[in-house]
Amino acid sequence: MIFGRGLDATNSAKKPQEYASMISLFKKEVVRRLAYDLKLTGQCAMQVIYSKDKKKIAKVEHLPIETLRAEKLSENDKEVQAYYYHPDWINIKPSDKPQRIPSFGLSETPKPIEILYIKPYKSGMYYYSTPDYQGGLQYAELEEEVSNYHLNNILNGLAPSMLINFNNGTPDEEKQTLIENKIKAKFQGSSNAGKFILAFNDNKESQADITPVQLSDAHNQYQFLSEEAQKKIMISHRVVSPMLLGVKDSTGLGNNADELKTASTLMDNTVIRPFQELLIDAFDKVLAFNDISLHLYFKTLQPLEFTDLENVKDQETREEETGVKMSKM
């Protein structure tokens, strides 16, 4: 939804040469990847590649955000001066030398390649940003563990949880801890649901006493966890209505069409457009260096019937809202 149907400009007909330069600079696949990174990681970055005489920006390329690390700020710096590039930071070797790439617009003389790092302002965070859905990460993990538990429970025979009693004396504290840790490692966690226990005993009298612990109203508890996780994940992504994702619940804003229209318009205005504006502001900086001035916008995926044009008078705003070029109207 952030990328929509691509980048466009309302004054493209008035400035065809500048519009052609913009299309050449910001290719669809580059913009699509930037939008994806911005939503997924809360930030994105692009390489700004200058012409040989460094008077124009010749090319813009997407740079995977996981390949960059910010240079530490000095006492007098207010902005990150450069970023270091390495294709695999997890497996970096002491002998590797990450490439230092200056930040866009901070050098007196432009370098051949610079990094334009795009992120929203986050209080107390100077180098990086967090994704907007950060509050739902634990619920995403909860959903994963619930589904993992059910899958492994079925694969392992639907065995219940157990209370294990050892009736052959009380070992010292160190041995108790050792036994407890071994049992935890083998049977605890959603991936171990339903595993059987194999015990070897000297005789029947010294056997381990295993008592099933039945979870009361278990199906309702799992149902609650699943539904709660689903709601919290959608809230963290600021999905204003489950119907936008094809989920129908008991609450609604009238009939389905009205709810979809209201929810879609609200989400577009409060969630999608702030992401788009962040990208457009960055694109404007690149275009300004090339002396290009265009009124950029992303062509929306909103159905035309969801767009309220009653109070829209000027043609440029109408085009921006609908994505329909003025020449076609």
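Here the structure is shown first, and the text comes after it.
Bear in mind the structure is a predicted one, so any value in this text is a computation, not a measurement.

Here we take up the nonpolar core. Ranked by size, the top nonpolar core spans 37 residues in total, and within it Phe 26, Met 46, Leu 279, Phe 283, Val 286 and Leu 296 carry the most contacts. Sorting the residues of this core by element identifies strand S1 (7-9), helix H1 (16-25), helix H2 (28-41), strand S2 (44-50), strand S3 (57-63), strand S7 (113-118), helix H6 (256-289) and strand S10 (296-298) as the ones contributing at least two each. For this core, the leading source of residues is H6, giving ten residues. What Phe 26 contacts, discounting residues up to four positions off in sequence, is Leu 7, Val 31, Met 46, Val 60, Phe 283, Val 286 and Leu 287. Within the second largest apolar cluster, ten residues are counted, among which are Ala 70, Val 80, Ile 101 and Ile 115.

Turning our eyes to something else, we now look at the side chain of Gln 276. Looking at the element boundaries, Gln 276 is found in helix H6. There is a polar contact of 3.0 Å between the side chain of Gln 276 and the backbone oxygen of Ile 2. Every residue in contact with Gln 276, bar those within four places of it in the chain, is listed here: Met 1, Ile 2 and Phe 298.

Ordered by their spatial adjacency, three strands build an open sheet running S4-S5-S6, and the pairing between neighbours is antiparallel. The open sheet has two free edges, formed respectively by strand S4 (68-70) and strand S6 (99-102), since each of these has just one partner strand. Taking each pair of neighbouring strands and ignoring which way they run, the sheet shows an average axis angle of 35 degrees. Where S4 and strand S5 (residues 82-85) come together, three bridges link them in antiparallel fashion.

What follows deals with the sheet that holds S2. Within the open sheet, the three strands sit side by side as S3-S2-S7. Their pairing is antiparallel. Whereas interior strands pair on both sides, the edge strands pair on one side only; in this sheet they are S3 and S7. Across the sheet, the mean angle from the axis of one strand to that of its neighbour is 25 degrees, orientation sign disregarded. When S2 meets S3, the two strands line up antiparallel, connected through six bridges. Bridge pairing in S3 links Gln 47 to Glu 61. Sheet contacts for H6: S2, S3 and S7; angle to S2, the most-contacted strand, approximately 10 degrees.

Quick notes on the rules
- Residues numbered from 1 in each chain as written.
- Predicted model: local features only at pLDDT ≥ 70, side-chain atom pairs only at ≥ 80, totals over all residues.
- Heavy atoms only, no water.
- Core = buried A, V, L, I, M, F, W, Y, C linked by side-chain atoms within 4.5 Å.
- Buried < 20%, exposed > 50% of the residue type's maximum accessible area, 1.4 Å probe, protein only.
- Helix = DSSP H or I, 4+ residues; strand = E, 2+ residues; numbered from the N terminus.
- Contact = heavy atoms within 4.5 Å.
- Polar contact = N/O pair within 3.5 Å; in protein donor to acceptor, adjacent residues only side chain to side chain.
- Pairing = 2+ DSSP bridges.
- Axes fitted to C-alpha atoms, helices over the stretch in contact; angles between N-to-C directions.

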